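Each chain is listed here by its residues.
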Amino acid sequence: MRIAVPNKGRLHEPTIDLLERAGLHLENGADRQLYADTVDPDVSVLFARAADIPEYVADGAADMGITGYDQVREAQVTDVAELLDLEFGRCRLVLAAPEDGSITSVDDLAGGTVATEFPNVTREFFAERGLEPNVVEVTGATELTPHVEISDAIVDITSTGTTLKMNRLGIIEEVLSSSVRLFAREDVREEPKIREVRTALASVKQAEGKRYLMMNVPEDRLDDVRDVIPGLGGPTVMDIANGGGEKVAVHAVVDERAVFETITDVKQAGASDILVTEIERLVE
Ligand SMILES: Nc1ncnc2c1ncn2[C@@H]1O[C@H](COP(=O)(O)OP(=O)(O)OP(=O)(O)O)[C@@H](O)[C@H]1O
Ligand SMILES: O=P(O)(O)OC[C@H]1O[C@H](OP(=O)(O)OP(=O)(O)O)[C@H](O)[C@@H]1O
Ligand SMILES: [Mg+2]
């Protein structure tokens with residue numbers, strides 16, 4: 001099975017990092033190479049432009065892909081199924097126009113010109129409103145086009161909003177909201193290896209924001225401690241070897257935001273020797 005991942009740009013690093021954390025360590029995949037192997041002899045990696053990845057998966061150059069949802073929509077691929085929202089690369093595709101101009105609504109673009117790197121998504125968006133503006137495809141610096149009279153408005157990516165503000169553009173409407181997704185071709189999505197990759201990536205997402213808490217608790221305080229531990233299922237309780245029998249070890253997975261309060265609470269309830277560690281993966 002081959003998985004297509006972004007070869008550069010802002011999605012490259014976080015994608016590689018995610019694969020590594022999922023245990024799919026890359027081998028002989030030095031920069032600028034087209035392919036890399038992974039520790040799993042049945043999984044290889046193809047490096048491609050973020051925008052080309054959906055097409056590569058649809059065509060069979062790869063079986064799975066990792067790229068932005070915006071790119072999957074723009075590629076208009078069929079027979080490709082989303083397996084997992086990887087929740088990074090969050091951004092919105094928005095319709096925007098000069099702040100002080102005459103365009104203030106979608107309808108104002110009837111007969112107008114819209115510049116974008118996403119012509120298909122843009123045409124679809126307007127078609128749903130019964131509009132068919134002139135769509136000009138550009139390959140970058142889209143935000144400049146309204147100021148050089150190439151367009152009346154743009155459909156472009158925004159996340160912090162800095163670029164729009166710098167170019168004195170205001171959002172008229174959201175076209176879609178995006179994040180990075182794992183997807184596969186329909187005909188292979190149920191293959192065991194693909195399910196395995198999905199599970200591995202999901203386990204990393206599951207573990208994010210969770211902490212593993214370990215502590216020792218006198219047996220007669222166990223119920224009090226149990227009462228104040230939030231989170232995933234009940235805690236695991238174990239006898240301590242040579243512990244003399246009065247104390248047990250309690251382990252629990254806790255939301256990172258709850259750790260601070262939980263430590264105070266379990267300490268008060270009688271726990272000692274409290275350890276907090278990160279979790280690499282969590283397979284449910
Ligand atoms: N500002 C942003 N914030 C969050 N995600 C973004 C942002 N810009 C782009 N993305 C996401 O990253 C994807 C690829 O964008 P990126 O700019 O990394 O690639 P690229 O434009 O192909 O690379 P390059 O600009 O180096 O050629 C987009 O399709 C989108 O899903
Ligand atoms: O809302 P913001 O945080 O300002 O982000 C939005 C900008 O980020 C992307 O550009 P990128 O940095 O990828 O440059 P590029 O145009 O060269 O791809 C996108 O095309 C916008 O221009
Ligand atoms: Mg870019």
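Residues numbered from 1 in each chain as written. Chains lettered and ligands numbered in written order. Predicted model: local features only at pLDDT ≥ 70, side-chain atom pairs only at ≥ 80, totals over all residues. Heavy atoms only, no water.

Quick look at the domain arrangement of the protein chain now. Parsing the protein chain into structural domains produces domain 1 (2-89 + 179-206), domain 2 (91-177) and domain 3 (209-278). Computed over C-alpha atoms only, the centres of domain 1 and domain 3 are separated by 38 Å. (Domains from an automatic or database assignment.)

The next thing to look at is the packing of helix 1 (residues 12-21) against helix 6 (residues 192-207). One can describe the packing of helix 1 onto helix 6 by two numbers: an axis separation of 9 Å at closest approach and a directional angle of 100°. Regarding the angle of helix 1 to helix 6, the classification is roughly perpendicular. Contacts between helix 1 and helix 6 involve Leu18, Leu19 and Arg21 from the first element and Leu201, Val204 and Lys205 from the second. (Axes fitted to C-alpha atoms, helices over the stretch in contact; angles between N-to-C directions. Helix = DSSP H or I, 4+ residues; strand = E, 2+ residues; numbered from the N terminus. Parallel < 35°, antiparallel > 145°, perpendicular 65-115°, else oblique. Contact = heavy atoms within 4.5 Å.)

Once that is clear, we can look at the sheet that holds strand 4 (residues 44-48). One open sheet holds the seven strands; their spatial order is 2-3-4-1-5-12-6, and the pairing between them is mixed. Every other strand in the sheet has two partners, leaving strand 2 (26-27) and strand 6 (80-85) as the edge strands with one partner each. As paired strands, strand 2 and strand 3 (residues 35-38) are joined by two bridges and run antiparallel to one another. Paired with Leu26 across the strands is Thr38, a residue of strand 3. Sheet contacts for helix 1: strand 1 (2-6), strand 2, strand 4 and strand 5 (64-68); angle to strand 1, the most-contacted strand, approximately 145°. (Pairing = 2+ DSSP bridges.)

So, on to the side chain of Thr122. Mapped onto the secondary structure, Thr122 falls in helix 4 (residues 119-127). Thr122 sits in the buried class, given a relative accessible area of 0%. There is a polar contact of 2.7 Å between the side chain of Thr122 and the backbone oxygen of Phe118. The residues touching Thr122, leaving out its near neighbours within four places in the chain, are Val114, Thr116, Val135 and Val155. (Buried < 20%, exposed > 50% of the residue type's maximum accessible area, 1.4 Å probe, protein only. Polar contact = N/O pair within 3.5 Å; in protein donor to acceptor, adjacent residues only side chain to side chain.)

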